[in-house]
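# Tertiary structure, described
Here's the letter readout for the chains.
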Amino acid sequence: MATRLCEIDDIPFNLQIKGLGDEELLDFWEQTQHIENVLRSEYQANIVPAQDYERLIVLELQLRSCQRPKERRV
C-alpha cells in the first residue's frame, strides 16, 4: 500500500517548530530577524512577514520552559 509523505508546506509552522531543539529554534529566530532587517534596509519599507515567526517561537519557548521539571535546590 502506498503512503503519502507530507510536504513541509502541509504542516503548519507552529507544529514544525515543535520538532526543533531549543538551540535550533533560537537560531531560526535569529535568521528570520536578520532576513527581516535586510529586507527593511534594502527596500526602505516596513516589511510584514507572512507568518508571525517571532510570536510563535516565543510562545513555544515559554511552553517548553513551563513543561520542564523544576530543578531541586539543595
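As the structure is a prediction and not an experimental result, all values here were calculated from the model.

## A few points about the pattern of salt bridges
- Scanning the model with the defined rule gives five salt bridges in all.
- Here R40 makes a salt bridge to E36, at a shortest N to O gap of 2.7 Å. Of this pair, R40 and E36 both sit in helix α2 (residues 22-43), separated by four residues, roughly a single helical turn.
- Among the salt bridges present, the one from D52 reaches R55, with a minimum N-O distance of 2.8 Å.
- Take R55: its relative accessible area is 44%, and that puts it in the partly exposed class.
- Sharing partners across several salt bridges, the network here consists of K18, D22, E60 and R64.

## A closer look at the packing of aromatic side chains
- One pass over the full model with this rule turns up three aromatic pairs.
- Centre to centre, the rings of F13 and Y53 are 4.7 Å apart; their planes meet at 80°, and the pair counts as edge-to-face. Taken as a pair, F13 in helix α1 (residues 13-16) and Y53 in helix α3 (residues 53-67) lie far apart in primary sequence, 40 residues in all.
- A centroid spacing of 5.7 Å and a plane angle of 75° characterise the contact between F28 and Y53, whose relative ring orientation is edge-to-face.

Definitions and cut-offs
- Residues numbered from 1 in each chain as written.
- Predicted model: local features only at pLDDT ≥ 70, side-chain atom pairs only at ≥ 80, totals over all residues.
- Heavy atoms only, no water.
- Salt bridge = Lys/Arg side-chain N within 4 Å of Asp/Glu carboxyl O.
- Helix = DSSP H or I, 4+ residues; strand = E, 2+ residues; numbered from the N terminus.
- Buried < 20%, exposed > 50% of the residue type's maximum accessible area, 1.4 Å probe, protein only.
- Phe/Tyr/Trp six-rings, centres within 6.5 Å; stacked < 30°, edge-to-face > 60°.

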